[in-house]
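# A structural walkthrough
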Amino acid sequence: MSLNPIIKAYGQPFKGAYKKIERYIKEAKAIVVYRHIKPDFDALGTQMGLVTFLKDNFPDKEIRFVGDDHVSFTPRLFPVSERLPASFYESKKFLAIIVDVGDDSRIADPRYKEAEHIVKFDHHPYKEQVAEVEVLDLEAGAASEIVVDFCLHFKGTRISKEAARYFYIGLVGDTGCFRYPSTSMHTLTVAGELMASGIDHAKIIREMFQKKLDDLRSQAYVLNHFYVSEHGVAYYTLPSSVQKELDITPERGKENVNIFSNIEGIGAWCSITEDPDPKDYCWRVSIRSKEKDISGVAQKWGGGGHKNASGARIDDIKDLDKFIADLDALFA
Ligand code: AMP
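Everything in this summary refers to the structure shown in the same document. (Residues numbered from 1 in each chain as written. Predicted model: local features only at pLDDT ≥ 70, side-chain atom pairs only at ≥ 80, totals over all residues. Heavy atoms only, no water.)

Across the five residues of strand 3 (residues 95–99), five count as buried, placing the element largely inside the fold. Residues Leu-95, Ile-97 and Val-99 point to one face of strand 3 and Ala-96 and Ile-98 to the other, with burial holding for every one of them. Two elements, strand 3 and strand 4 (residues 117–122), share five bridges in a ladder whose sense is parallel. Paired with Val-99 across the strands is Phe-121, a residue of strand 4. (Buried < 20%, exposed > 50% of the residue type's maximum accessible area, 1.4 Å probe, protein only. Helix = DSSP H or I, 4+ residues; strand = E, 2+ residues; numbered from the N terminus. Pairing = 2+ DSSP bridges.)

Here is the structure:
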């Protein structure tokens with residue numbers, strides 16, 4: 001079947017990179033797919049979509065996936081990640097495919113460096129070269145959007161319903177259900193191509209955002225304890241004592257951050273969650289915005305990310321007001 005013209009045009013600048021990656025995939029006996037630490041829907045969806053695509057189309061190859069699991073998405077939406085023994089790395093030549101992460105320190109297993117070839121698909125701001133072939137689109141709504149484009153260009157392959165389900169999770173996750181400004185004609189064309197694989201898109205979204213009755217207690221806490229800065233930055237803090245009360249872990253602190261996404265007068269919003277990890281104590285911050293680019297503030301505060309969705313950290317909660325002032329200044 002001929003390629004949709006929007007897909008064809010998008011892949012044009014990546015043609016050389018796509019061909020090289022196709023060749024590496026065909027030549028490899030073993031392939032390991034990597035993604036970022038503290039994974040989200042897009043990291044896991046892109047990783048598992050690609051793993052499934054490779055297994056479906058190249059059943060004779062050994063396809064592996066590694067990384068830390070998600071506290072509530074695993075195993076509900078994604079399988080538990082594999083733990084590759086040291087012997088795998090000692091005895092095997094393999095291709096490393098990195099998805100949805102731009103810099104070495106955030107790749108959820110440093111042993112990708114031991115691969116014979118390393119390739120990468122990403123949409124995060126560029127920090128450093130980690131791969132021999134890098135397919136980058138900083139404007140892409142999700143990493144899965146780029147990887148699906150690559151798969152659609154790969155002649156003689158098909159995207160199965162199972163692979164499409166994972167990719168769709170990535171697409172929906174990072175575009176906030178196609179609401180964020182990063183959603184483009186290409187994003188929606190990719191979504192259409194995935195739907196053509198027969199996925200139940202409504203069911204996927206239901207499963208992704210399914211909550212338990214108990215989760216409403218956390219939501220109620222946030223609604224009763226948020227603050228708004230002078231120029232419209234909404235935020236809430238979740239100290240460890242409150243997390244204990246609500247029976248949640250630090251990873252779940254950001255779950256209610258988008259409560260503020262559609263509120264008039266609120267331009268940016270964030271969750272600030274205490275992480276008592278003795279090896280890396282901090283307050284984890286998830287920042288979201290309607291339109292303003294908040295990634296610069298995230299970078300200043302030990303993090304990074306995208307224009308409208310970034311992560312950061314506050315090492316000492318005494319600095320909370322300074323952090324909020326930095327965000328607030330974007331709207332002054
Ligand atoms: P989060 O608030 O953790 O969901 O992160 C929002 C987005 O920012 C995701 O796409 C993350 O990959 C990205 N992000 C979070 N923390 C960092 C960081 N320290 N460096 C670069 N990107 C980050």
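Here the focus is the packing of helix 5 (residues 143–153) against helix 6 (residues 161–174). It is the contact of helix 5 with helix 6, at a shortest axis distance of 8 Å, that shows an interaxial angle of 145 degrees. Only Phe-167, Gly-170 and Leu-171 of helix 6 make contact with helix 5, whose side of the interface consists of Ser-144, Glu-145, Val-147, Val-148 and Cys-151. In terms of residue class, the contact of helix 5 with helix 6 is built from five nonpolar, two polar and one charged. (Axes fitted to C-alpha atoms, helices over the stretch in contact; angles between N-to-C directions. Contact = heavy atoms within 4.5 Å. Nonpolar A, V, L, I, M, F, W, Y, C, P; charged D, E, K, R; others polar.)

Attention shifts here to the site of the ligand. Of all residues adjacent to the ligand, which total 14 residues, the nearest are His-124, Lys-254, Ser-286, Arg-288 and His-306. Here an oxygen atom of the ligand sits 3.5 Å away from a polar atom, N or O, in the main chain of Ser-310. Of all elements in the fold, only strand 9 (282–289), strand 10 (304–305) and strand 11 (309–314) reach the threshold of two or more residues within the shell around the ligand. Counting residues per element, the shell around the ligand draws most heavily on strand 11, which supplies three residues. The residue inventory of the shell around the ligand, partitioned by class, reads one nonpolar, nine polar and four charged. Summarising the domain contributions, the shell around the ligand has at least three residues from each of domain 1 (5–208) and domain 2 (216–329). (Near = heavy atom within 4 Å. Polar contact = N/O pair within 3.5 Å; in protein donor to acceptor, adjacent residues only side chain to side chain. Domains from an automatic or database assignment.)

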